[in-house]
Amino acid sequence: TAWWPTLPTLGFIFSLMLCSLPLWFAAKLRPLLCALLGILWGLLSAQLLVKESLPPAFDGEDILLTGTIVGLVDSNAKRSRFAFYVDSAQIYNQSAKNDGASLNSAESADNIGVKKILISWYGKKGLRPGDRWQFVARLRQPRGFVNPRAFDYQLWLIQQGYGATGYVRAAEGANRLENKPILSLHSLFLAPSVMASQLRSTLRKRIEYTALSVRGKAVILALTIGDKQQLAPWWPDLARMGIVHLLVISGLHIGLIALLGSPIGSGLNRLAILCKYILYRAGVCSSFPRSLSWVAPLCGLLAAFLYSLLAGFSLPTQRALIAVAVIVAAKLCYRMIAPLLCMTWALLLIAISQPLAVLSAGFWLSFTAVGLLI
């Protein structure tokens, strides 16, 4: 998908999928079929991403947005920046702006399909995850500087799922809305992210109020909730020493938490066996207690999931969680899975769930490192 100059249409993709299915009946051509379906799946995911991005016709326009703040709010003395999940996006009526009308004046016919926007609000503080707002913002398509060996900002925006960037217009008013109940499928999927963001925000405030040093707070924030904003003054030194991955939540930390959760599950299993044995000896329970071998791996997976949720479900934590799930599934099925096969399954599931992961250097570095270790 990354090397196509232009994306084929959805009709072409589905037609090619249907035409390639007969290749399954030729055993020698099945690898070709799998590769072709993988390419088509990447193209389909790219088309869906483009569908949720800001159309070129609305680039630089003032848009009336209604939605919810999700994730940690990055605040400094000048501005607050946050991820904004959109409920509705409409072209703001120019004549209404000139007449000084309220924000409710918008062209409802021009509803834009953008879903996730990176918003900057200059001079605004006190924003919290989970708050619903309505404001006018000037939006731009995801873009960055094409400088050699520099950070590719546009690629990062696309990988994170941002369909546009923008800033709140200072000349316009903004309304904080009441949090509405979950009524739509989109809101149902958004609710866990909002609750996790609120928990992360609460933990960040409590850590910032502790008596730790500035550097100590920065390290604790990075290792608990994945907030690396406070590490900015020391980031060049950490990069030169090659220990950035130790202070940013990644697959290493998810694996360690899963390993810690497994003994906790074993302890709970043994405690349950002991309690049931006491009841058995007392005649209260008629059956002899049996060990529940599935408790330990599931506790490890649950611990990894909760830690990933606390870290904001970033792409590296999602990849590590999928790898942990593959190992737990093998444990539950009493299968002795080879390390290389486990890595292959993890690679397949990640490629299916995150087709754009192949654009990330971390994706290739992670699997290359694991492959060399195997």
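Look up a bit, the structure's there.
Here is a short report on the structure shown in this document.

What counts as what
- Residues numbered from 1 in each chain as written.
- Predicted model: local features only at pLDDT ≥ 70, side-chain atom pairs only at ≥ 80, totals over all residues.
- Heavy atoms only, no water.
- Axes fitted to C-alpha atoms, helices over the stretch in contact; angles between N-to-C directions.
- Helix = DSSP H or I, 4+ residues; strand = E, 2+ residues; numbered from the N terminus.
- Parallel < 35°, antiparallel > 145°, perpendicular 65-115°, else oblique.
- Left-handed = near helix turned anticlockwise from the far one by under 90°.
- Contact = heavy atoms within 4.5 Å.
- Nonpolar A, V, L, I, M, F, W, Y, C, P; charged D, E, K, R; others polar.
- Patch = residues over 30% accessible without salt bridge, like charges linked within 9 Å, V, L, I, M, F, W, Y side chains within 5 Å.
- Areas by Shrake-Rupley, 256 points an atom, 1.4 Å probe, with all protein chains shown as cover.
- Salt bridge = Lys/Arg side-chain N within 4 Å of Asp/Glu carboxyl O.
- Buried < 20%, exposed > 50% of the residue type's maximum accessible area, 1.4 Å probe, protein only.

At their nearest, the axes of helix H1 (residues 10–20) and helix H2 (residues 30–51) sit 10 Å apart, and the two run at 160° to each other. Relative to H2, the element H1 is oriented roughly antiparallel. The hand of the H1/H2 crossing is left-handed. Of the residues in H2, those touching H1 at Leu 10, Ile 13, Phe 14, Leu 16, Met 17 and Ser 20 are Leu 33, Leu 36, Leu 37, Leu 40, Trp 41, Leu 43, Leu 44 and Gln 47. Taken together, the residues of the contact of H1 with H2 break down into 12 nonpolar, 2 polar and no charged.

Our focus in this paragraph is a nonpolar patch on the surface. On the surface, Ile 264, Leu 268, Leu 271, Leu 274, Tyr 277, Ile 278 and Tyr 280 cluster together into a nonpolar patch covering about 660 Å² of accessible area. With respect to the helices, strands and loops of the structure, Leu 274 is situated in helix H9 (residues 251–281). Given the relative accessible area of 47%, Leu 274 is considered partly exposed.

This paragraph deals with the pattern of salt bridges. A full pass over the atoms with the stated rule returns 11 salt bridges. We note a salt bridge from Arg 169 to Asp 62, for which the minimum N-O separation is 3.6 Å. Of this pair, Arg 169 sits in the loop between strand S6 (164–168) and strand S7 (174–177) while Asp 62 is found in strand S1 (residues 62–75), placing the two residues 107 residues apart along the sequence. Residue classification places Arg 169 among the partly exposed positions, given a relative accessible area of 23%. Put simply, Arg 79 and Asp 74 hold a salt bridge, and the shortest N to O gap is 3.8 Å. The pair Arg 79 / Asp 74 is uniform in exposure class, with both members buried. Each of Asp 59, Arg 140 and Arg 143 takes part in one network of salt bridges that share partners.

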